[in-house]
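Take a look at the letters that make up each chain.
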Amino acid sequence: MKNSDYENFLAKAAECKSFFPTNVTKNDYLDIIELVVDAYGVEQLEYQLTLPNEQYLFTAFRSVCMVAYLLYANRRTELYPLWVKMMDKSCVAFTESKNCNYIDMTLKDLCLTLLLMRQKAPPEKEHEWWNRIASGSPESKFVFHKDHFENMNNLTVYGAVGEFMRGVLGMTDPIEHVDNVLPWVLSRMDENGMFEDFDHA
């Protein structure tokens, strides 16, 4: 895909007249995240660690990112030991699960978590987490890749963002994968740059 295609898309998105500033702040979002984590409860977060890998990815992978957001903002610091266990479980589930469509969704959250928490991660864990997140190519890991199904779907977007995030972290060169899937992704974007799932693809 040519750079001009990206630039044209971004230019059109930037022209949207319906966007307007809100009074919602980062702390407002963190307050909501904290409410969600409290609704889960420590007991539920600990229970999820006992689930099989595929089931964990299905039910719990976003929890590790939510807790990381709070820890990064120096909130709920008592959850740090539990977060380390959650990150361990998430990285193992990511590398050892096979043909699980939530692999496509998990990578983005794991990369965001590592990006946020690299300075706060236990030194003895960071290398292991890095290697697990960096392992595998999109073709071998992602279920909803164009080589697996005739039509890609909305999970393709998650996978592409996750692969781009691996590139941001310096784990991979994401250009080939992103170039393969982005034309289809951009064809599904509306005038506001939002993905349209009009046929449940």
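What this report covers is the structure whose coordinates are included nearby. (Residues numbered from 1 in each chain as written. Predicted model: local features only at pLDDT ≥ 70, side-chain atom pairs only at ≥ 80, totals over all residues. Heavy atoms only, no water.)

### A short note on a nonpolar patch on the surface
The grouping of V24, Y29, I32, V36 and Y40 at the surface amounts to a nonpolar patch, some 450 Å² of accessible area in total. For Y40, the position within the fold is in helix α2 (residues 26–40). (Patch = residues over 30% accessible without salt bridge, like charges linked within 9 Å, V, L, I, M, F, W, Y side chains within 5 Å. Areas by Shrake-Rupley, 256 points an atom, 1.4 Å probe, with all protein chains shown as cover. Salt bridge = Lys/Arg side-chain N within 4 Å of Asp/Glu carboxyl O. Helix = DSSP H or I, 4+ residues; strand = E, 2+ residues; numbered from the N terminus.)

### Comments concerning the packing of aromatic side chains
Centre distance and the angle of the planes are the two values used to describe a pair of aromatic rings. Applying the stated criterion across every chain yields a total of 2 aromatic pairs. Ring centres of W83 and W129 lie 5.4 Å apart, and the angle between their planes is 80°; this geometry places the pair in the edge-to-face category. Taken together, the positions of W83 in helix α5 (residues 80–96) and W129 in helix α7 (residues 123–134) put the pair 46 residues apart, joining distant regions of the chain. (Phe/Tyr/Trp six-rings, centres within 6.5 Å; stacked < 30°, edge-to-face > 60°.)

### Thoughts on the side chain of N53
Relative to the elements of secondary structure, N53 occurs in helix α4 (residues 53–72). Apart from the residues within four sequence positions on either side, N53 is in contact with K89, V92, A93, E96 and S97. (Contact = heavy atoms within 4.5 Å.)

### Structural notes on helix α6 (residues 103–117)
With 15 residues, α6 should reach 21 Å at 1.5 Å per residue; the first-to-last C-alpha distance of 21 Å fits that figure. Among the 15 residues of α6, 12 are classified as buried, and the element is accordingly described as predominantly covered. Buried within α6 are the following residues: I103, D104, M105, T106, L107, K108, D109, L110, C111, T113, L114 and M117. Its buried side turned inward, α6 meets α4, α5, α7, α8 (138–141) and α9 (154–168). (Expected span 1.5 Å × (residues − 1). Buried < 20%, exposed > 50% of the residue type's maximum accessible area, 1.4 Å probe, protein only.)

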